[in-house]
Amino acid sequence: MKPAASIILFTTLAGAAQGMCVVAAGATLAGAAPGPAAAMLWTAVALLVAALVASFFHLGHPQRAWRTVLMWRTSWMSREVIVLPAFIALVALWATMPASRLLAALAILGAFALWYCTAMIYACIRFIQEWAHPLTAVNYVTLGLASGCIVAGAVSVLAGDVAFARAIAGWAIAALWLAWLTRTLSLRRNARLVPRSTIQSATGIQAARVVQTAMGMTGGSFNTREFFHGATAHAIGNVKAGFQILAFAVPLVLLAWAAATGASAAWLLALVAHALGMLAERWFFFAQARHPQNLYYQAVS
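Residues numbered from 1 in each chain as written. Predicted model: local features only at pLDDT ≥ 70, side-chain atom pairs only at ≥ 80, totals over all residues. Heavy atoms only, no water.

Here's the deal with the overall build of the protein chain
Here's step 1: Along its length, the protein chain carries 12 helices and 0 strands.
Here's step 2: Its helices and strands taken in sequence order, the protein chain reads α-α-α-α-α-α-α-α-α-α-α-α from the N to the C terminus.
Here's step 3: What you see for the protein chain is a C-alpha radius of gyration of 21 Å, in line with the 19 Å of a compact globule of 301 residues.
Here's step 4: Its C-alpha atoms give the protein chain principal-axis dimensions of about 70 × 45 × 30 Å.
Here's step 5: For the protein chain, long-range pairs separated by at least 24 residues make up 80% of all intrachain contacts whose partners lie at least 6 apart in sequence. (Helix = DSSP H or I, 4+ residues; strand = E, 2+ residues; numbered from the N terminus. Rg over C-alpha atoms; globule rule 2.2 N^0.38 Å. Contact = heavy atoms within 4.5 Å.)

This is the structure:
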């Protein structure tokens, strides 16, 4: 598939905001609410609003965006469109009363509901094998939690509450390891996939041997542009290695440094590396998905 910058930004920003809300809510329910709780929550609101704005750039007719809610009975995208604004409103309300345990608990439920709705937009597409698996939803949650822990620590450091950042360093490290593990499981699964579709099923020609000598069209079209990223296998491999280094390996080293010494700069460096890695990871998530139509529109024997 061709990764859309708007969706990459949406999933990255929203996931980090959801994760930070879960971190703040967990600390609040445990009786150890962060000092800069309001700053965290307003940062989460800003990230969620930015994600919402970014998503509009993926629409052909943004003025008709309201219609997406009409199919809530059958469409996971419609459900996401309903849950996201509700979650933004909930977090904004919580930001005005950061000590509220009820709102903290509701925020956790809202974050997980939004993760599930977003993940199921892709996991429900059965003919894209890379997405049609429970690990898609699991990865949305674990990656969001890892991002949220890092953002929460960085915001705490910037707000002057180094103690809270140090207190959650262990949780951030654990969340990163868990996210890396679940993402590795999905990468290994996807690497072993055998496409169910064939050139015969793609074209409807049931001959035993079909040889394609040209793409489905001689000129460009929506099908040739929007369902294939155009990158080489070598480039895809570099992105795969790169996002694992930036999103997981480098932040783990930096957070270990922060946990051992309390170094504030480590959180900020970890945030920069992780953010770049997550943008690459989201690009890879979409680029790795192989749409069956590309058997006809992209492959040449």
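Structure's up, so let's keep going.
Let's talk about the environment of C124
Here's step 1: For C124, the position within the fold is in the loop between α4 (101-123) and α5 (134-158).
Here's step 2: Counting along the chain gives 116 residues from C124 to I8, while the straight-line C-alpha distance between them is 19 Å.

What to know about the pattern of salt bridges
Here's step 1: Under the counting rule described, the total for this entry stands at 3 salt bridges.
Here's step 2: Between R183 and E281 there is a salt bridge, with its nearest N and O atoms 2.5 Å apart. Taken together, the residues span a long stretch of sequence, with R183 in helix α7 (residues 169-191) and E281 in helix α11 (residues 264-287) at a distance of 98 residues.
Here's step 3: Put simply, R282 and E281 hold a salt bridge, and the shortest N to O gap is 2.6 Å. The same class applies to R282 and to E281, which are both buried.
Here's step 4: Each of the salt bridges in this network shares a partner with another, and the network as a whole consists of R183, E281 and R282. (Salt bridge = Lys/Arg side-chain N within 4 Å of Asp/Glu carboxyl O. Buried < 20%, exposed > 50% of the residue type's maximum accessible area, 1.4 Å probe, protein only.)

Looking at helix α1 (residues 5-29)
Here's step 1: Compared with an ideal rise of 1.5 Å per residue, which puts 25 residues at 36 Å, α1 spans 36 Å between its outermost C-alpha atoms and is within 8% of the ideal.
Here's step 2: In terms of burial, α1 is largely enclosed, as 20 of its 25 residues are buried.
Here's step 3: Looking one or two residues beyond α1, the residue adopting positive phi is G31, at roughly 80 degrees. (Expected span 1.5 Å × (residues − 1).)

So, the side chain of S156
Here's step 1: The residue S156 is located in helix α5 in this model.
Here's step 2: Ignoring anything within four residues of it in the chain, the contact list for S156 reads P36, M40, D161, V162, F164 and A165.

Some points on the nonpolar core
Here's step 1: Judged by nonpolar contacts, the single largest core of 80 residues is most densely connected at W94 and W267.
Here's step 2: Ignoring any residue separated from it by four or fewer positions in sequence, one finds W267 in contact with C149, I150, G153, A154, V157, A165, I168, A169, A172, L255 and A258. (Core = buried A, V, L, I, M, F, W, Y, C linked by side-chain atoms within 4.5 Å.)

Digging into a nonpolar patch on the surface
Here's step 1: Among the surface-exposed residues, L9, I245, L246, V250, V272, L276 and L279 lie close enough to one another that they form a single nonpolar patch of about 540 Å² accessible area.
Here's step 2: Among the secondary structure elements, those contributing two or more residues to the nonpolar patch are α10 (233-261) and α11.
Here's step 3: Checked against the element boundaries, V250 lands in helix α10.
Here's step 4: Judged by relative accessible area, which is 31%, V250 ranks as partly exposed. (Patch = residues over 30% accessible without salt bridge, like charges linked within 9 Å, V, L, I, M, F, W, Y side chains within 5 Å. Areas by Shrake-Rupley, 256 points an atom, 1.4 Å probe, with all protein chains shown as cover.)

Some words on the side chain of T12
Here's step 1: Relative to the assigned elements, T12 resides in helix α1.
Here's step 2: Those residues in contact with T12, other than ones at most four positions away along the chain, are M278, L279 and R282.

Some thoughts on the packing of α10 against α11
Here's step 1: One can describe the packing of α10 onto α11 by two numbers: an axis separation of 8 Å at closest approach and a directional angle of 155 degrees. In this view, α10 runs roughly antiparallel relative to α11, as classed from their interaxial angle. By crossing handedness, the relation of α10 to α11 is classed as left-handed.
Here's step 2: Partitioning the contact of α10 with α11 into residue classes produces 22 nonpolar, 2 polar and 2 charged. (Axes fitted to C-alpha atoms, helices over the stretch in contact; angles between N-to-C directions. Parallel < 35°, antiparallel > 145°, perpendicular 65-115°, else oblique. Left-handed = near helix turned anticlockwise from the far one by under 90°. Nonpolar A, V, L, I, M, F, W, Y, C, P; charged D, E, K, R; others polar.)

Some thoughts on the packing of aromatic side chains
Here's step 1: Applying the stated rule across the entire model yields 13 aromatic pairs.
Here's step 2: Judged by centre distance (5.3 Å) and plane angle (80 degrees), the ring pair of F112 and W115 falls under edge-to-face. Highlighted residues: F112 and W115, both in helix α4, separated by 3 residues, approximately one helical turn.
Here's step 3: Classification of W115 by relative accessible area gives buried; the value is 2%.
Here's step 4: Judged by centre distance (5.5 Å) and plane angle (50 degrees), the rings of F243 and F284 are tilted. In this pair, F243 sits in helix α10 while F284 sits in helix α11, placing the two residues 41 residues apart along the sequence.
Here's step 5: Taking the relative accessible area as the measure of exposure, F243 reaches 0% and is therefore buried. (Phe/Tyr/Trp six-rings, centres within 6.5 Å; stacked < 30°, edge-to-face > 60°.)

Remember, this is a structural readout, not a statement about activity or role.
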